[in-house]
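Chain by chain, the residues:
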Amino acid sequence: MKYVVILLVLLALGVGYYIVQKKKTSSSSNPLRTTSSNVISMDSHRKAKQSPGEQPCSSCKKKNGKLIFYAQDNGTVVGLCKDCQSKAKKRDMLPL
Ligand SMILES: [Zn+2]
């Protein structure tokens, strides 16, 4: 019976110690975590920004720089280059 009590005390101490350490590490490393996540989001943002320029135009299939995305009447979305924007305007397509 004594062993059980000792084990429980050790367990409680261990859990308490673990919680304290967890609080310490989380509070101290939070600024670092946010900065590192900011860096990651910036990288993904840059990649996301780069990719539209590499996509071909939905109308003329040319890789003509940045695409402007329009919603068609049937619900599909097309990315159009600058040359094809006038076509989209004639068709009354909504820019996204
Ligand atoms: Zn085009």
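Refer to the structure above for everything that follows.
What this report covers is the structure whose coordinates are included nearby. In this text the structure is predicted, and so the values were computed from the model without any measurement.

### A closer look at unusual backbone geometry
Moving on, step 1. One non-glycine residue, Lys61, lies in positive phi territory at about 60°.
Moving on, step 2. Taking the C-beta count within 10 Å as the criterion, Lys61 has 9 such neighbours and is therefore assigned exposed.

### Overview of the sheet that holds strand S1 (residues 68-71)
Moving on, step 1. Strands sit in the order S2-S1-S3 across an open sheet of 3 strands; the sheet is antiparallel. Each edge of the open sheet carries a strand with a single partner, namely strand S2 (77-80) and strand S3 (94-95).
Moving on, step 2. Sheet analysis places S1 next to S3, joined by 2 bridges and oriented antiparallel. What sits directly across from Ala71, in S3, is Leu94.

### A closer look at the pairing of S1
Moving on, step 1. One ladder, built from 4 bridges, connects S1 with S2; its direction is antiparallel. Its bridge partner lying in S2, Tyr70 is registered against Val78.
Moving on, step 2. In sequence, S1 turns back onto S2 through a hairpin of 5 residues, with Gly75 there showing a positive phi of about 95°.

What counts as what
What you see as residue numbers is a count from 1 along each chain, following the sequence as written. Restriction of local features to residues with pLDDT of at least 70 applies here, the model being predicted, together with a cutoff of 80 or more for giving and counting side-chain atom pairs; totals for whole chains, interfaces and linings are based on all residues. Burial is judged by counting the other C-beta atoms within 10 Å of a residue's own C-beta: 20 or more makes it buried, 12 or fewer makes it exposed, and any count in between marks it as partly exposed, with every C-beta position built from the backbone. Should DSSP find at least two bridges between two strands, the strands are regarded as paired. Secondary structure elements are defined from DSSP: runs of H or I of at least 4 residues count as helices, runs of E of at least 2 residues count as strands, and each element is numbered from the N terminus.

Purely geometric stuff here, so don't read any function into it on its own.
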